[in-house]
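Coordinates in review
Here is how the chains run, residue by residue.
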Amino acid sequence: MKPGKKIRVLIVDDSAVVRQTLSSIIDSNSSMEVMGTASDPFVAARKMLDEVPDVITLDVEMPRMDGLTFLRRIMSQHPIPVVIISSLTAEGTETGLKALEYGAVEIITKPKMNTKEFIEESKIRICDAIKAASRAKLKRKTGFAVPSIKVEPKFSADAVIPSLKGSSMIQTTEKIIAMGASTGGTEALTVFLQSMPADSPGIVIVQHMPEEFTRSFANRLNDICAITVKEAANNDTVIRGRALIAPGNKHTLLKRSGARYYVEVIDGPLVNRHRPSVDVLFRSVAINAGANAVGGIMTGMGADGAKGLLEMKKAGAFTIAQDEASCVVFGMPHEAIKLDAHSKILPLDSIATAVLKVTR
């Protein structure tokens, strides 16, 4: 792709209504266009013989060949960024996790014909996921460069939580770890959390994910990590040896009552085009933990978390940005680095070691 060229998208879905809806959403965005549509993977494969798309949106359940099988063939033969767009349910989230393992860049839910606000937010998520996919570094070389695409924020963290006023609290012995990630974050967080010992400080995480999907992700991490990992629930205590992952479509904030840290899970507008938002979490950590916190921003597109990480640093926290080489998309860390919000820039496999060194 040349700079300024539109992102060409191939839509693969067996529903004519969904193909029409996605086409309308994609063509309404000035930075992308629909290259074509396909009712199943066989039709898609024939279209790809004539023209290779920049991004594929792919359903999971389709006739003749399911989406996961098609995804595996794409990634093994000719890697192309794939966004899974499916009606994920609590029972189907394991399929979504498999899609990420097979090489999908993003997973989002299909837009529902609900309120005007819901449809508008779905448009934002779909377009942002396609843009993120177009910039993703795949495991195999795709043979073309991708343009730098700026994502404009919708609201700042001010829409959910007021900024820090006055000095932050003094440093104590008990530490809190706050992490934020987006595109490529499921793999990055898995590497990070598997490196944390059973007695590590309490961890709160925002990973941009759909509803229900975060619970399945947390359960899978809980099975393979030394620490306990769970989807955050309102008033959950942040304790040593446990990581809380913000639930999809809810903002998660760190709160403090005396010596007890806990989380508040709330509704609210999209912040930096996301809910949950890393900026919202990081600001709450700056306010309620200050120098008692360590913050890290990982792979992902956009700027969510950059300003919040800066607020944490100004409040006395030690802050880390993942380096470009180990990121799938060097967006969020790059924005934080440009703001000088980092104390250190580190590769993914060094972040856990650095966090443990600081917290000890």
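Check the entry above for the structure.
If you're wondering where the values come from, they're calculated on a predicted model, not measured in any experiment. Numbering of residues begins from 1 in every chain and follows the order in which that chain's sequence is written. In keeping with the predicted nature of the model, local features appear solely for residues at pLDDT of at least 70, side-chain atom pairs appear and are counted solely at 80 or more, and the whole-chain, interface and lining totals rest on all residues. Only hydrogens and water are removed before side-chain values are computed, so all heavy atoms of the structure are retained for them.

With respect to the overall build of the chain
The helix and strand tally for the chain stands at 11 helices and 14 strands. Summary of the burial criterion: residues with accessible area below 20% of their type's maximum are buried, those above 50% are exposed, and those between are partly exposed, where the area comes from a 1.4 Å probe applied to protein chains only. Sorting the 360 residues of the chain into buried and exposed places 57% on the buried side. Any pair of residues with heavy atoms lying within 4.5 Å of one another is described as a contacting pair. In the chain, the share of contacts with a sequence separation of at least 24, taken over all contacts with a separation of at least 6, comes to 73%. Methods summary: accessible areas were calculated by the Shrake-Rupley approach with a probe of 1.4 Å, and residue burial reflects only the protein chains presented. Accessible area of the chain: about 15,300 Å², with a carbon and sulfur share of 50%. Helix and strand definitions here come from DSSP, where helices need a minimum of 4 consecutive H or I residues and strands a minimum of 2 consecutive E residues; each element is numbered from the N-terminal end.

A closer look at the pattern of salt bridges
The working definition used for a salt bridge is a side-chain nitrogen of Lys or Arg within 4 Å of a carboxyl oxygen of Asp or Glu. Taken as a whole and assessed by the stated rule, the structure comprises 13 salt bridges. With its nearest N and O atoms 3.0 Å apart, the salt bridge here joins Glu-231 to Arg-215. Residue Glu-231 is located in strand β8 (residues 228-231), and its partner Arg-215 is located in helix α7 (residues 213-224); the two are separated by 16 residues in the primary sequence. Between Lys-255 and Glu-264 there is a salt bridge, with its nearest N and O atoms 3.6 Å apart. Given the relative accessible area of 27%, Glu-264 is considered partly exposed. It is possible to trace a salt-bridge network through shared partners that takes in Arg-8, Glu-51 and Asp-54.

Points about the packing of aromatic side chains
In this analysis, rings of Phe, Tyr and Trp, with Trp reduced to its six-membered ring, are considered paired at centre separations within 6.5 Å, and the interplanar angle assigns stacked below 30 degrees, edge-to-face beyond 60, and tilted for intermediate values. Applying the stated criterion across every chain, the model contains 0 aromatic pairs. Comment: the charge-over-ring label is applied if NZ (Lys) or CZ (Arg) is within 6 Å of the ring centre and within 35 degrees of the ring normal. Of note, Arg-72 hangs over the ring of Tyr-102, and the distance from its end group to the ring centre comes to 4.4 Å.

Quick notes on unusual backbone geometry
That bond from Arg-275 to Pro-276 is cis: its omega, 15 degrees, falls within 30 degrees of zero. Inspection of the secondary structure puts Pro-276 in the loop between β11 (260-266) and α8 (278-288). Within the chain, Asn-235 stands out as a residue other than glycine whose phi angle is a positive 75 degrees. Residue placement: Asn-235 occurs in the loop between β8 and β9 (242-245). Residue Asn-235 is classed as partly exposed on the basis of its relative accessible area, which comes to 44%.

Here we look at the pairing of strand β13 (residues 318-322)
The buried fraction of β13 is high, at 4 of 5 residues. Pairing geometry for strand β12 (residues 293-297) and β13, over 4 bridges, is parallel. If you follow Ile-297 over to β13, its bridge partner there is Ala-321. Look down the strands so they point away from you; if the path from the first strand over the helix to the second goes clockwise, the crossover is right-handed. Once the chain exits β12 it traverses helix α9 (residues 306-314) before rejoining the sheet at β13, and the crossover so formed is right-handed. Two strands pair under a simple rule: DSSP has to find at least two bridges between them. Direction of pairing for β13 relative to strand β14 (residues 344-346): parallel, over a ladder of 3 bridges. By the bridge assignment for β14, Ala-321 is matched with Ile-345.

Let's talk about the sheet that holds β14
On the basis of which strands lie adjacent, the open sheet formed by 7 strands has the order β8-β9-β7-β6-β12-β13-β14 and parallel pairing. Edge positions in the sheet fall to β8 and β14, since each has one partner strand and no second. Neighbour-to-neighbour, the strand axes of this sheet turn through a mean angle of 20 degrees, independent of strand direction. As judged from the 5 bridges shared by strand β6 (residues 176-181) and β12, these two strands associate in the parallel manner. Opposite Met-179, over in β12, you have Gly-296 as the bridge partner. Note on geometry: axes are C-alpha line fits, over the in-contact stretch for helices, and angles between N-to-C directions span 0 to 180 degrees.

A short note on the packing of helix α6 (residues 185-194) against helix α11 (residues 348-359)
Contact pair α6 / α11: the axes reach a minimum separation of 8 Å and the direction vectors enclose 40 degrees. In this view, α6 runs oblique relative to α11, as classed from their interaxial angle. As α6 runs across α11, the sense of the crossing is right-handed. In this structure, α6 uses Ala-188, Val-191 and Phe-192 to contact α11, whose residues at the interface are Leu-348, Ile-351, Ala-352 and Val-355. Only Asp, Glu, Lys and Arg are considered charged in this grouping, and only Ala, Val, Leu, Ile, Met, Phe, Trp, Tyr, Cys and Pro are considered nonpolar; every other residue, Gly among them, is considered polar. Of the residues that constitute the contact of α6 with α11, the class distribution is 7 nonpolar, no polar and no charged. An angle counts as roughly parallel when it lies under 35 degrees, as roughly antiparallel when it exceeds 145, as roughly perpendicular when it falls between 65 and 115, and as oblique in every other case. Here a crossing is taken to be left-handed if its near helix is turned anticlockwise relative to the far helix by less than a right angle, and right-handed if that turn runs clockwise.

A closer look at the environment of Val-271
Relative to the elements of secondary structure, Val-271 occurs in the loop between β11 and α8. On the basis of relative accessibility, which here comes to 0%, the residue Val-271 falls in the buried class. Separated by 20 residues in sequence, Val-271 and His-251 place their C-alpha atoms 9.1 Å apart.

Structural notes on the nonpolar core
Take the buried residues of types Ala, Val, Leu, Ile, Met, Phe, Trp, Tyr and Cys, join any two whose side-chain atoms come within 4.5 Å, and each joined set is a nonpolar core. Counting 78 residues, the largest nonpolar core has Phe-192, Leu-193 and Ile-203 as its most contacted members. Look past the residues within four positions of Phe-192 in its chain and what remains in contact with it is Ile-177, Met-179, Ile-203, Met-298, Ile-351, Ala-352 and Val-355. One finds Val-206, Val-238, Ala-315 and Ala-336 within the second-largest nonpolar core, a separate group that totals 30 residues.

Remarks on the side chain of Asp-54
Its place among the elements puts Asp-54 in the loop between α2 (41-50) and β3 (55-58). A polar contact of 2.8 Å, which involves the side chain of Asp-54, links it to the backbone nitrogen of Arg-8. Distance and chemistry together define a polar contact, namely a pair of N or O atoms within 3.5 Å, with one atom able to donate a hydrogen and the other to accept it when in protein, and with adjacent residues in sequence counting only for side-chain atoms on both sides.

Structural notes on the sheet that holds strand β2 (residues 32-38)
Read from one edge to the other, the open sheet built from 5 strands follows the order β2-β1-β3-β4-β5, with strand pairing classed as parallel. At either margin of the open sheet sits one strand with a lone partner, and together these are β2 and β5 (106-109). For this sheet, the mean inter-axis angle between neighbouring strands, taken without regard to orientation, is 25 degrees. Note that strand β1 (residues 7-12) and β3 share 4 bridges and pair parallel. Bridging from a neighbouring strand, Ile-11 pairs with Thr-57 of β3. Where α2 meets the sheet, it contacts β1, β2 and β3, and its direction lies at approximately 150 degrees from that of β1.

Purely geometric numbers; function is a separate question.
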